[in-house]
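# Summary of structural features
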Amino acid sequence: MALALVAASSAFSAAATPARADIVYAVGKSSGDLIRYDTADPAGTRTVLASGTLNAPSALAIGPDRNLYIGTAGDGSTVAPSIVRYNTRSGTFTTVHTFSAFDIRPGSMAFQGSILLVGRDPDTFDTGPVVRLTNVTGGTVDASSYTSGGSLASSPGLAIAADGRLYVSEQTLNGVTSQSTGPVKRFDSAGSFLDEFIADGASGLAGPAGMVISGQELYTASFMNGNVLRTSLASGTTATFASTGVPFGARTLALLADGSLLVGSGTSDLIHRFGSDGTLADTFSSGIGVIGGRATLMPNGTVECPNEANASSIVNGLDADGDDYCSSASGGTDCDDGANDVYPGAPELCSNVGGNNDCDIEGQADDQTPFVLHRDADGDGYGDVNVF
């Protein structure tokens, strides 16, 4: 299906302009490409990390290890669907799990702590419960059904709230008419069906797709009309937040640190950025074909880490010293975010006088005795008392 491209707006409101840059990853579902760019200068920083090597990539998620996890749909016959890890530090790819029975084709992904939840791709007419994968960041991966009750068709959107509840875009694609329909369903933190949170057709919902949660608000892409809906998790009130202006213009969503929202097209390579007020800030032609999925990684010390108050959810925390542990003040477990040799489980260093390398009891220094080193220039095992 052909789709007219949306021109970028030349107007930039203060609310829509990012306070700082985030790193964005995006995959092309048809091209098999993976790219990365900086939101401060998308065109100037666009970097191709993989060109045509991924087989129908359809979902992305940043793991608690800060690596990128990619769901691929395979080719339906010889190449099985899989979950691939891209190491954001080394730039290497590793297949962590293969759906060898071709029974699950990833359409969305979300981390629940260290557990990866996988939704199903409507383009391949894959239906059934959301899948739960354990040990994807390391160890032997185990796959099982996560949701129960409230039978699901395809699930191209997953979002986990701070209370652990799972929101699922249930989408049914009619292969004859190409019409997508369906509601947004809600499940408790154990995967049991709770209710139909947004009914099919309610408040302009037409084929729910990608989802993100910001605070107490759920954002849902409405595929058929190209809109993005915003729903209060507290009241359930839903209204149109933003619009791409064209059918099929909204499929995948990603949230930026400043509250801006990225919206990927369902039929082109366009990625729109909307400010926190719903105003279109800019449109980036990614050059990778139809957007299969996007994820964002917040640099400058901001990373994703487990929520200390609720292990089943993820929060954005501050890692100013780059040791991959979020500071205690931002919900993490690093008792000293100004020293990269101080974090939970770190080896104790005698040179850290009065310090607490392993954060065993936050704020309590380890009992250490200072010592002085003397140079042993002649190698006799005794230091020169006059040379330090």
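To keep things clear, this report deals only with the structure shown in the data block. (Residues numbered from 1 in each chain as written. Predicted model: local features only at pLDDT ≥ 70, side-chain atom pairs only at ≥ 80, totals over all residues. Heavy atoms only, no water.)

## Looking at the overall build of the protein chain
In terms of helices and strands, the protein chain carries 1 helix and 27 strands. Of all 388 residues assigned to the protein chain, the portion counted as buried reaches 50%. Considering only contacts in the protein chain between residues 6 or more positions apart, those separated by 24 or more positions represent 42%. With an accessible surface of roughly 16,200 Å², the protein chain has 50% of that area assigned to carbon and sulfur atoms. (Helix = DSSP H or I, 4+ residues; strand = E, 2+ residues; numbered from the N terminus. Buried < 20%, exposed > 50% of the residue type's maximum accessible area, 1.4 Å probe, protein only. Contact = heavy atoms within 4.5 Å. Areas by Shrake-Rupley, 256 points an atom, 1.4 Å probe, with all protein chains shown as cover.)

## Topic: the packing of aromatic side chains
The description of an aromatic ring pair rests on the distance of the ring centres and on the angle between the ring planes. In the structure shown here, the tally under the stated rule is 8 aromatic pairs. Between Tyr-86 and Phe-93, the aromatic rings sit 4.8 Å apart at their centres with planes inclined by 50 degrees, giving tilted as the arrangement. A centroid spacing of 5.2 Å and a plane angle of 55 degrees characterise the contact between Phe-223 and Phe-248, whose relative ring orientation is tilted. Of this pair, Phe-223 sits in the loop between strand E18 (217–222) and strand E19 (227–232) while Phe-248 sits in the loop between strand E20 (238–243) and strand E21 (252–255), and the two are 25 residues apart along the sequence. Among the aromatic side chains, those forming a connected cluster through ring pairs are Tyr-25, Tyr-86 and Phe-93. (Phe/Tyr/Trp six-rings, centres within 6.5 Å; stacked < 30°, edge-to-face > 60°.)

## Topic: the sheet that holds strand E4 (residues 57–62)
Taken in spatial order, the 4 strands of this open sheet run E4-E5-E6-E7, and their pairing is antiparallel. Here the strands that pair on one side only, and so sit at the sheet edges, are E4 and strand E7 (93–98). Across this sheet, the average inter-strand angle for adjacent strands is 25 degrees, counted without regard to direction. Across 5 bridges, the pairing between strand E5 (residues 68–72) and strand E6 (residues 82–86) is antiparallel. If you follow Gly-71 over to E6, its bridge partner there is Ile-83. (Pairing = 2+ DSSP bridges. Axes fitted to C-alpha atoms, helices over the stretch in contact; angles between N-to-C directions.)

## Things to note about the sheet that holds strand E17 (residues 208–214)
One open sheet holds the 4 strands; their spatial order is E17-E18-E19-E20, and the pairing between them is antiparallel. Of all the strands in the sheet, just E17 and E20 have a single pairing partner and so form its edges. Strand-to-strand, the axes of this sheet are offset by a mean angle of 25 degrees, without reference to chain direction. With 5 bridges connecting them, E17 and E18 associate as antiparallel partners. Residue Met-211 lies in a different strand from E18, and its bridge partner there is Thr-220.

## Focus on the pairing of strand E8 (residues 106–112)
Taking burial as the measure, the 7 residues of E8 include 7 buried ones, the bulk of the element. Pairing between E8 and strand E9 (residues 115–120): 6 bridges, direction antiparallel. Paired with Gln-112 across the strands is Ile-115, a residue of E9. Counting the residues between successive antiparallel strands, the hairpin from E8 to E9 contains 2 residues, one of them, Gly-113, with a positive phi of roughly 70 degrees.

## A look at unusual backbone geometry
A positive phi is found at Phe-125, a non-glycine position, where the angle reads about 60 degrees. Residue position: Phe-125 is located in the loop between E9 and strand E10 (131–134). With a relative accessible area of 48%, Phe-125 lands in the partly exposed category. A positive phi is found at Ser-178, a non-glycine position, where the angle reads about 60 degrees. Looking at Ser-178, the relative accessible area reads 36%, which means it is partly exposed.

## Notes on the pattern of salt bridges
Taken as a whole, this structure holds 9 salt bridges when the rule is applied. We note a salt bridge from Lys-29 to Asp-123, for which the minimum N-O separation is 2.8 Å. Taken together, the positions of Lys-29 in the loop between strand E1 (23–28) and strand E2 (34–38) and Asp-123 in the loop between E9 and E10 put the pair 94 residues apart, joining distant regions of the chain. Of the charged contacts, one joins Asp-282 and Arg-273 as a salt bridge, the two residues approaching to 2.4 Å between their closest N and O atoms. Comparing Asp-282 with Arg-273 shows no difference in burial state: the two are buried. Connected via shared salt-bridge partners are Lys-29, Asp-121, Asp-123 and Arg-251. (Salt bridge = Lys/Arg side-chain N within 4 Å of Asp/Glu carboxyl O.)

## Focus: the environment of Gln-171
On the secondary structure map, Gln-171 appears in strand E13 (residues 166–173). Look at Gln-171 and you get buried, because its relative accessible area is 5%. Within the local environment of Gln-171, its side chain forms a polar contact with the side chain of Ser-180, the two groups lying 3.1 Å apart. (Polar contact = N/O pair within 3.5 Å; in protein donor to acceptor, adjacent residues only side chain to side chain.)

## Description of the state of the cysteines
Considering all chains together, one arrives at 1 disulfide under this definition. Disulfide pairing is shown between Cys-335 and Cys-359; the S-S distance is 2.2 Å. Taking the torsion about the S-S bond as the criterion, the Cys-335 to Cys-359 disulfide, at about -85 degrees, is left-handed. Residue Cys-335 is found in the segment after strand E27 (310–318), and its partner Cys-359 is found in the segment after E27; the two are separated by 24 residues along the sequence. (Disulfide = S-S within 2.5 Å.)

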